[in-house]
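A closer look at the structure
Single-letter residue listing:
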Amino acid sequence: MEVLEKAATANTPYINFNSESGIMLIQGRAIPQPADEFWAPVLKWFYAYSSAPNTRTELVFNMEYFNISTSKQILFLLHKMNDLFEKGHDVVVVWKYTKEDVEMKEAGFDFSCVVNVPFEFKRVEVEPIESF
């Protein structure tokens, strides 16, 4: 299976889904319009991956912001992860957030209550902005 990689834009996150490593990364801002158009190939890739997953699957969210349309897509991914988990596969969701972003941390906790998949919450540092 090929790696699915999408470059980040001002409205879409960086995506790197790698079947060989079992690590799926979603990072950045997610406010795509239309949302279904952006997320359809991501979901299609993940559904195909789930038919023959790696021995360990990590779904890593390192989000700066996402809209309600994206939260629906995140739920689709989490439910597919839940299916893998309930079939006995080794899966984990890694939810990253910054100290300053309480809302993102809470969003992760809210998602963790919807599925049985283990969640790891990791606080990350904000990259410093260089001054000129």
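As a reminder, the structure under discussion sits directly above these lines.
Parameters at a glance
Residues numbered from 1 in each chain as written. Predicted model: local features only at pLDDT ≥ 70, side-chain atom pairs only at ≥ 80, totals over all residues. Heavy atoms only, no water. Phe/Tyr/Trp six-rings, centres within 6.5 Å; stacked < 30°, edge-to-face > 60°. Helix = DSSP H or I, 4+ residues; strand = E, 2+ residues; numbered from the N terminus. Buried < 20%, exposed > 50% of the residue type's maximum accessible area, 1.4 Å probe, protein only. Pairing = 2+ DSSP bridges. Axes fitted to C-alpha atoms, helices over the stretch in contact; angles between N-to-C directions. Contact = heavy atoms within 4.5 Å.

What follows concerns the packing of aromatic side chains. A ring pair, where both rings are aromatic, is described by two values, the distance of the centres and the angle of the planes. Tallying each qualifying case throughout the model produces 11 aromatic pairs. When the centroid spacing of 6.1 Å and the interplanar angle of 35 degrees are considered together, the rings of F66 and F111 count as tilted. You can see F66 sitting in strand 4 (residues 56-66) and its partner F111 sitting in helix 3 (residues 102-112), a full 45 residues away along the chain. According to the relative accessible area criterion, F66 is buried, its value standing at 14%.

Here we take up the sheet that holds strand 4. Strand order in this open sheet of 6 strands is 1-2-3-4-5-6, and the pairing throughout is mixed. The sheet is open, and its two edges are formed by strand 1 (4-6) and strand 6 (119-124), each paired on a single side. This sheet shows a mean twist of 15 degrees between the axes of neighbouring strands, independent of strand direction. Both strand 2 (residues 14-18) and strand 3 (residues 23-30) contribute to a ladder of 5 bridges, which runs antiparallel. Following the sheet pairing, I15 is matched in strand 3 by I26. Of the strands in this sheet, strand 3, strand 4, strand 5 (90-98) and strand 6 touch helix 2 (residues 68-86), which is tilted by about 165 degrees from strand 4. Against the sheet, helix 3 touches strand 4, strand 5 and strand 6, its axis set at about 160 degrees to strand 5.

Any functional reading would require information beyond the geometric quantities listed.
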